[in-house]
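Given next are the chains, with one letter for each unit.
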Amino acid sequence: MSNVELKRAALADRDIKRHGPEAFEGMRKAGRLAAEALDMLVPYVKPGVTTAELDERVLAFALDHKALPAPLFYRGFPRAICTSFNHVVCHGIPGDKKLAKGDIVNIDVTLIVDGWHGDTSRMFAVGDISRRAERLIEVTFQCLELGILAVKPGNTTGDIGRAIQTYAEAQRCSVVRDFCGHGLGRVFHDRPNILHYCDDGEGAGSVLKPGMLFTIEPMINLGRDGVKVLADGWTAVTRDRELSAQFEHTVGVTETGCEVFTRSPAGLDGPLIRAS
Ligand code: MF3
Ligand code: CO
Ligand code: CO
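On a predicted model such as this, the values are computed, not experimentally measured, just so you know.

Draft legend 1. Inspection of the coordination of the cobalt ion (ligand 2) at higher detail. At 2.0 to 2.2 Å from the cobalt ion (ligand 2) lie its protein donor atoms, namely D119 (OD), H182 (NE2), E217 (OE) and E248 (OE). The site at the cobalt ion (ligand 2) holds 6 donor atoms, and with the angles between them running 52 to 160°, its shape is irregular. Expressed as a motif, the donor residue spacing for the cobalt ion (ligand 2) is D-x62-H-x34-E-x30-E. Between the two metal centres, the cobalt ion (ligand 2) and the cobalt ion (ligand 3), the spacing is 3.3 Å, with D119 acting as a shared donor. Taken as a pair, E217 in the loop between β9 (213–216) and β10 (219–221) and E248 in the loop between β13 (244–246) and β14 (249–253) lie far apart in primary sequence, 31 residues in all. For E248, a relative accessible area of 1% corresponds to the buried category.

Okay, here's the thing in C-alpha cells:
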C-alpha cells in the first residue's frame, strides 16, 4: 500500500472484518498454495535465471492448481508476482533482468484460491552472497517472526510495529515507512493497515480481535529508510541504493494468538534459502 492509501485507511479504521471458521479454512488452502509456489521456485533461483522466467513458473503453477495470481492486472500491474532484488524494496516487475551470483531477491506471491487470498514473500540468495546481505536477511526474517509473536487478542497493530522497529533499529537497520501490511481475505488489500513501526506509545493502532486476517511484511534497509518509486509506477527502490529485504506471512488472529497460513510445508521459509 502507498502512503496516500495508508492515510485514507487510517481515517476509517472502524469495521475491521472478523472472519469465522469457514474463512480460516479457505485462508489455510490459499496460504498453503502460495507457500508451495515459493517452495517450487527454490531450485530455479540461480545465477542466469530471469525474473520473467520465475514469473512464468508461478503463473503456470497457479493455473495448474486452479488458482489465480492476484497481482496480475491488479491496478495495472503487468505480471503474476513481484521480484525485488538488492536495492529494490518491493513491487519489482519481473522482466529480462538475469539474476547474478551475489544478488538477493524477494519473491512475493499472492494466490487466490476459491476467492481467498494467500500472500507471502521470502528472500532468496543467488549463489554466495555478502556477509552484510546475509545479516540483513537474518534481521528481516527475525523482524517478521517478532511481529507474528505480537499478534494476539487485546494487543494492537501498534504492538506489531513496535516489536519490529525495536529489533530492526537495535540491529542498526531501518524500517521502510512508505509501505505496510494489510488486511485481506476475499479482498486483496483491506483494513487494517499493519505498519512495521510505531511512533506512539502503548495502545496505538487498532485492537486485535479473533477472526481478523492480515499480512505482516516488514521491509528492512541496511541504510536509510527513504524510498522512491521508479518511472514504471511500481518499482520502489531505496533512495541511497543500499540493500533492502522483506519477508511476508498471512495470519489470522485466534483466541490465543494467531495462525500463520503461509508457512512452507517443506520447511523452506527460513532465512538464507538458496538453490543447491
Ligand atoms: N503482494 C504484494 C503485497 O504484499 C502486493 C503486490 S500488488 C502488485 O501486498 F500489484 F504490486 F503486484
Ligand atoms: Co501483502
Ligand atoms: Co505480498
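That shown, we press on.
Draft legend 2. Structural view of unusual backbone geometry. Here the amide bond leading from R191 into P192 is cis, since omega sits at 0°, within 30 degrees of zero. Within the secondary structure layout, P192 lies in strand β8 (residues 190–194). For N86, which is not a glycine, the phi torsion comes out positive at approximately 50°. When you line up the elements, N86 lands in the loop between β2 (82–85) and β3 (88–90). Backbone geometry places H91, a non-glycine residue, at a positive phi of 60°. Structurally, H91 can be placed in the loop between β3 and β4 (104–113).

Draft legend 3. Spotlight on the coordination of the cobalt ion (ligand 3). Coordination of the cobalt ion (ligand 3) by the protein involves D108 (OD), D108 (OD), D119 (OD) and E248 (OE), with metal-donor separations of 2.1 to 2.4 Å. Coordination at the cobalt ion (ligand 3) is irregular: its 6 donor atoms span angles of 58 to 168° at the metal. For the cobalt ion (ligand 3), the donor residues sit on a single chain with the sequence spacing D-x10-D-x128-E.

Conventions we followed
Residues numbered from 1 in each chain as written. Chains lettered and ligands numbered in written order. Predicted model: local features only at pLDDT ≥ 70, side-chain atom pairs only at ≥ 80, totals over all residues. Heavy atoms only, no water. Donors = N, O, S within 2.8 Å, 3.2 Å for Na, K, Ca; no water. Tetrahedral: all angles 85-135°; square planar, octahedral: opposite > 155°, others 65-115°. Helix = DSSP H or I, 4+ residues; strand = E, 2+ residues; numbered from the N terminus. Buried < 20%, exposed > 50% of the residue type's maximum accessible area, 1.4 Å probe, protein only.

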